[in-house]
Amino acid sequence: MIKRFISIIALMVFSVQIIAAPSRIKDVAKVVGLSDLQVIGYGLVIGLDGTGDRNLQTARIATQSLTNMLERFGLTVSPEQLRLRNVAAVMVTANVPPFIQQGTQIDATVSSIGDATSLEGGTLLITPLTAPNGNVYSQAQGPVTVGGFSVGSGMGDRVKKNHTLVGRVVRGATMLRGRRVNYVNNNSVSLAINDPDFSTALNISDRINAYFEEAVAEPVDQATIQVQFPEAGGDINPVSFVAVLETLEVDVDAPARVVINERTGTIVVGTNVRLSAAAISHGSITIEIQQRPLISQPAPFSPQGQTAVVPDAQIQVNEEGDEDEPAVKVLEQSATVGEVATALNALGVKPRDLIGIFQALKTAGSLQAELVIM
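A short tour of the structure in this document, coming up. Since the structure is predicted, the reported quantities are computational estimates derived from the model, not experimental observations. (Residues numbered from 1 in each chain as written. Predicted model: local features only at pLDDT ≥ 70, side-chain atom pairs only at ≥ 80, totals over all residues. Heavy atoms only, no water.)

## Looking at the sheet that holds strand S11 (residues 188-193)
Here is step 1 of the chain: Strand order in the open sheet made by the 4 strands is S2-S11-S13-S12, with antiparallel pairing throughout. Here the strands that pair on one side only, and so sit at the sheet edges, are strand S2 (29-31) and strand S12 (217-219). Recorded for the sheet is a direction-independent mean angle of 25° between the axes of neighbouring strands.
Here is step 2 of the chain: Of the strand pairs in this sheet, S11 and strand S13 (residues 224-228) are connected by 5 bridges, and their pairing is antiparallel. The partner of Val189 across the bridge, within S13, is Val227.
Here is step 3 of the chain: Helix H4 (residues 198-212) rests against S11, S12 and S13 of the sheet, and its axis sits at about 170° to S12. (Pairing = 2+ DSSP bridges. Helix = DSSP H or I, 4+ residues; strand = E, 2+ residues; numbered from the N terminus. Axes fitted to C-alpha atoms, helices over the stretch in contact; angles between N-to-C directions. Contact = heavy atoms within 4.5 Å.)

## What about the packing of aromatic side chains?
Here is step 1 of the chain: Under the criterion given, the structure shown has 4 aromatic pairs.
Here is step 2 of the chain: Summarising the aromatic geometry, the rings of Phe99 and Tyr183 are spaced 6.0 Å apart at their centres and angled 85° between planes, so their arrangement reads as edge-to-face. Linking Phe99 in the loop between strand S4 (88-96) and strand S5 (105-112) with Tyr183 in the loop between strand S10 (166-175) and S11, this pair joins segments that are 84 residues apart in sequence.
Here is step 3 of the chain: Residue classification places Tyr183 among the buried positions, given a relative accessible area of 16%.
Here is step 4 of the chain: With a centroid separation of 4.8 Å and an interplanar angle of 70°, the aromatic rings of Phe229 and Phe241 are classed as edge-to-face. Here Phe229, found in the loop between S13 and helix H5 (238-247), pairs with Phe241, found in helix H5; they are 12 residues apart in sequence, far enough to count as distant.
Here is step 5 of the chain: Given the relative accessible area of 3%, Phe241 is considered buried. (Phe/Tyr/Trp six-rings, centres within 6.5 Å; stacked < 30°, edge-to-face > 60°. Buried < 20%, exposed > 50% of the residue type's maximum accessible area, 1.4 Å probe, protein only.)

## A short note on the pairing of strand S16 (residues 266-269)
Note on strand geometry: in a regular strand, side chains alternate between the two faces of the sheet.
Here is step 1 of the chain: Alternating residues of S16 divide into Ile267 and Val269, all buried, and Thr266 and Val268, none buried.
Here is step 2 of the chain: Where strand S15 (residues 257-261) and S16 come together, 4 bridges link them in antiparallel fashion. Counted as the bridge partner of Val259 is Val268 from S16.
Here is step 3 of the chain: Where S15 folds back on S16, the antiparallel hairpin that results is connected by 4 residues, among which Gly265 adopts a positive phi of roughly 75°.

## Remarks on unusual backbone geometry
Here is step 1 of the chain: The phi torsion at Asn187 lies on the positive side, around 60°, for a residue other than glycine.
Here is step 2 of the chain: Asn187 gets classed as exposed once you look at its relative accessible area, which sits at 52%.
Here is step 3 of the chain: Despite not being glycine, Glu213 has its phi angle at roughly 60°, a positive value.
Here is step 4 of the chain: Position of Glu213 among the secondary structure elements: in the loop between H4 and S12.
Here is step 5 of the chain: Since its relative accessible area comes to 73%, Glu213 is described here as exposed.

## What to know about helix H7 (residues 351-363)
Here is step 1 of the chain: The end-to-end C-alpha distance of H7, which contains 13 residues, comes to 18 Å, matching closely the 18 Å that a straight helix rising 1.5 Å per residue would cover.
Here is step 2 of the chain: Every buried residue of H7 is accounted for by Pro351, Leu354, Ile355, Ile357, Phe358 and Leu361. Considered in projection along H7, the buried side chains sweep an arc of 165° and stay on one side of the axis. (Expected span 1.5 Å × (residues − 1). Arc of directions from axis to C-beta.)

## Quick look at the environment of Gly50
Here is step 1 of the chain: Relative to the elements of secondary structure, Gly50 occurs in the loop between strand S3 (37-46) and helix H3 (56-72).
Here is step 2 of the chain: The exposure class of Gly50 is partly exposed, given its relative accessible area of 23%.

## Here we look at the sheet that holds S5
Here is step 1 of the chain: Strand order in the closed barrel formed by 6 strands is S3-S4-S5-S10-S7-S6, with antiparallel pairing between adjacent strands. Neighbour-to-neighbour, the strand axes of the sheet open up by a mean angle of 30°, direction not taken into account.

## Observations concerning H4
Here is step 1 of the chain: Its 15 residues give H4 an end-to-end C-alpha distance of 22 Å, which sits within 8% of 21 Å, the value for a rise of 1.5 Å per residue.
Here is step 2 of the chain: What H4 keeps buried is the set Thr200, Ala201, Ile204, Ser205, Ile208, Asn209 and Phe212. The arc enclosing the buried residues of H4, seen along the axis, measures out at 165°, which places them on a common side.
Here is step 3 of the chain: Elements that come into contact with the buried residues of H4 comprise helix H2 (25-28), S11, S12, S13, H5 and strand S14 (249-250).
Here is step 4 of the chain: The N-cap of H4, judged by a side-chain oxygen 3.0 Å from the amide nitrogen of Ser199 a few residues on, is Asp197.
Here is step 5 of the chain: Remark: Glu213 follows H4 within two positions and exhibits a positive phi of approximately 60°. (Polar contact = N/O pair within 3.5 Å; in protein donor to acceptor, adjacent residues only side chain to side chain.)

Here it is in structure tokens:
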């Protein structure tokens, strides 16, 4: 009984009905032109406790780089004379945000490119970080934080926590130049929707026009919205204008989608997913889904009341051994996938079984949603 309870708790939790709340524009769209700039550089991490590059071929990269650096300090050393175990060759990356000023410090990520076993306790030597256009935007240096450890006895055994070949240099990259970008074009800004959708683009455009009480926003396509500065506002500060746009709340229309990760057994079901008429028989379990329409009448003499059809879904689950029930039920109505998943969870069906069921429903044409398998 306890194992069955734990199995049920470990399964995915599906909601029968999800009510989508309005989202801010800044959470569903970005201003075009305000993206980060990626920079990269090659450097050395020193001060490792015998966990640096060891293989002759991979260590040659680090020793050659160290030899070149020592020559700048007036020391001439042959790479063949160096047998280092506390140096590792690394690649350093960082994201430069827009409008950052010279002298500002940002975080940098350090990743080993050799056969080092750990970057724990190391220090990154000064490393220029270059953009794809060849311009050097910043330089990084400082202690590397890995958030874990890797300890070995030298006899082949090793105790390891977290990944110690990638670390961070917190506020270790100093900007050598500022970065300005242009996001205003002909007194207008463009919004790029994170998940392109025609309905969402139209909702954002209508919400902006309703707020400013004039047609300032126009959806160009499913991913882009052009927003002109209001004519009645006179000279408008672009920062203030964008700040107002970002705080407006809109309704986001998400496509019906079921995402399945077969490696981890994870299933995510979207809010608009529906299941057509189907008969499900999985192992010894048979699930019957029926949906009866209920007619909702308005109150007598109500001026604004309307007759509405409200679906009433019912699920009946049978296990093998019920003599009064057939093995498979033929369904004539529809229900939500969340209701099917709830019934399966109650019986302790594992996520792996749910994956197989959803794939079979999609093949049968009953799953009214896009099935994404990762």
